[in-house]
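Structural overview for review
Here is how the chains run, residue by residue.
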Amino acid sequence: MMGPQHALSGAAVWLAGSWALEQFADYHQSPLALAVGTAVCAGGALFPDLDMSGKVTKNQGGATVARTFGVFSLFAAEVMEKISLGVYYATKLSRDPRRNNGHRTLTHTLPFTVLVGWGTTALCAAYGKWAVITILFFMFGLALRGLFDEWAERAGWVIITLASAGAAWFTFANLPGGRGYPLIGTALGVGCFVHILGDMITRAGVPILWPIPIKRRMWMMIGLPNKIALRVGSKAEVVGMRIALTVISALATLGLIAPSVLSRFDIEI
């Protein structure tokens, strides 16, 4: 699945989940917490593709996440791709094929997703707002790059970096203190998981069961059969999924804000 659809799927899942929690578990979030969670989940839904590198010296190529902060994120993607490939060869079994890149390996597994969510929560608990502002800076950048892809392409990575820094600082200044901010780690972990599910409906699949060996393979790619799987970049993905996810996001947002708007005007439904 392409970057914009990944980011939009993260936003849609977080908004729909927040609406469900409010309706059925009476769990309310402030507008700022809801916006932050949605942005972090959208950014997190791009994060696993950090294993797809491009040309660092030419500032070209790579996945959407790798191009977010120019040569800096491209370099990080290059490092992650090599780490992922190293883990692949260190754990592969006899029937796992040879590879020359680490895309859709380590960062597309459940252990990685759990580690990212837990690690983010632990960092926020240990270092407080300074860890929070750093994580938000990166996640806001990914969210901007994914959700507003055409604008981001025109604006360039410097503008995205400055906008991300401003949004992170504003959030830093307005978030309440004295908490571990577990919602940030949860949103990031959920975003990574949504990314894996999104790639599972494409033809290539993901090694979601790693490190469980199956038929002498450690990196078994799991996905939909080719007859019903989405082809990356097809009209069904680029147009169909984007429309469906946008509708879900809009309906969930309406469901979240409508009660407070109606109560302000003393309207009961």
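Rules and cut-offs
Residues numbered from 1 in each chain as written. Predicted model: local features only at pLDDT ≥ 70, side-chain atom pairs only at ≥ 80, totals over all residues. Heavy atoms only, no water. UniProt positions renumbered as here; feature names shortened; annotations may be inferred. Helix = DSSP H or I, 4+ residues; strand = E, 2+ residues; numbered from the N terminus. Salt bridge = Lys/Arg side-chain N within 4 Å of Asp/Glu carboxyl O. Buried < 20%, exposed > 50% of the residue type's maximum accessible area, 1.4 Å probe, protein only. Contact = heavy atoms within 4.5 Å. Core = buried A, V, L, I, M, F, W, Y, C linked by side-chain atoms within 4.5 Å. Polar contact = N/O pair within 3.5 Å; in protein donor to acceptor, adjacent residues only side chain to side chain. Disulfide = S-S within 2.5 Å. Phe/Tyr/Trp six-rings, centres within 6.5 Å; stacked < 30°, edge-to-face > 60°. Expected span 1.5 Å × (residues − 1). Arc of directions from axis to C-beta.

Following the UniProt record, the feature "transmembrane region" (unreviewed entry) maps to residues 110-143, 155-172, 184-210 and 243-262 here. Split by type, residues 110-143 is 97% helix and 0% strand. Its first and last C-alpha atoms lie 22 Å apart.

One pass over the structure, following the stated rule, counts six salt bridges. Glutamate 81 serves as the salt-bridge partner of lysine 82, at 2.8 Å between the closest nitrogen and oxygen. Here lysine 82 falls in the partly exposed class, since its relative accessible area comes to 46%. Linking arginine 104 and aspartate 199 is a salt bridge whose minimum nitrogen-to-oxygen distance equals 3.3 Å. A residue pair is termed long-range when its members are at least 10 positions apart, and arginine 104 in the loop between α3 (71-91) and α4 (110-127) and aspartate 199 in helix α8 (residues 182-200) qualify at 95 residues. Residue class for arginine 104 comes out buried when judged on its relative accessible area of 9%. Classification of aspartate 199 by relative accessible area gives buried; the value is 1%.

This part takes up the side chain of histidine 195. Position of histidine 195 among the secondary structure elements: in helix α8. The exposure class of histidine 195 is buried, given its relative accessible area of 0%. The residues contacting histidine 195, other than those within four sequence positions of it, are His6, Ala45, Leu46, Pro48, Asp49 and His108.

Let us now look at the nonpolar core. Judged by nonpolar contacts, the single largest core of 37 residues is most densely connected at Val40, Val132, Leu136 and Ile184. Listing elements by their share of this core, those giving two or more residues are α1 (3-24), α2 (31-44), α3, α4, α5 (129-147), α7 (157-174) and α8. The dominant element in this core, judged by the number of residues it contributes, is α5, at nine residues. Not counting residues within four places of it along the chain, the set of residues in contact with valine 132 comprises Cys124, Leu175, Tyr181 and Ile184.

With respect to the helices and strands, the residue serine 249 is situated in helix α9 (residues 235-264). Assessed through its relative accessible area of 10%, serine 249 is described here as buried. A distance of 2.9 Å separates the side chain of serine 249 from the backbone oxygen of leucine 245, its partner in a polar contact. Contacts of serine 249, omitting those with residues within four sequence positions, involve Leu8, Ala11, Ala12 and Leu15.

Now for the state of the cysteines. Each disulfide consists of a covalent bond between the sulfur atoms of two cysteine residues. Scanning the model with the defined rule gives zero disulfides in all. Cysteine 41 takes part in no disulfide bond, and the closest cysteine sulfur to it belongs to cysteine 192, at a distance of 8.9 Å. For cysteine 192, a relative accessible area of 0% translates into the label buried.

We now examine the packing of aromatic side chains. Inspection of the entire model under this criterion finds 11 aromatic pairs. Ring geometry for tryptophan 19 and phenylalanine 24: centres 6.0 Å apart, planes at 85°, overall edge-to-face. The exposed category is assigned to phenylalanine 24, whose relative accessible area is 69%. Between the aromatic rings of phenylalanine 72 and tryptophan 157, the centroid separation amounts to 5.7 Å while the plane-to-plane angle is 65°, which identifies the pairing as edge-to-face. Of this pair, phenylalanine 72 sits in helix α3 while tryptophan 157 sits in helix α7; the two residues are 85 residues apart in sequence, bridging distant segments of the chain. Classification of phenylalanine 72 as exposed rests on a relative accessible area of 58%. Residue classification places tryptophan 157 among the partly exposed residues on the basis of a relative accessible area of 28%.

We now examine α4. With 18 residues, α4 should cover 26 Å at 1.5 Å per step; its first-to-last C-alpha distance of 26 Å lies within 8% of that length. Buried within α4 are the following residues: Phe112, Thr113, Val116, Gly117, Gly119, Thr120 and Cys124. End-on view of α4: buried residues confined to an arc of 165°, all on one side of the axis. Summarising the geometry of α4, the exposed residues directed more than 90 degrees from the buried face are Val114, Leu115, Trp118, Ala125 and Ala126. Where α4 terminates, the next one or two residues include glycine 128, which has phi positive at roughly 65°.

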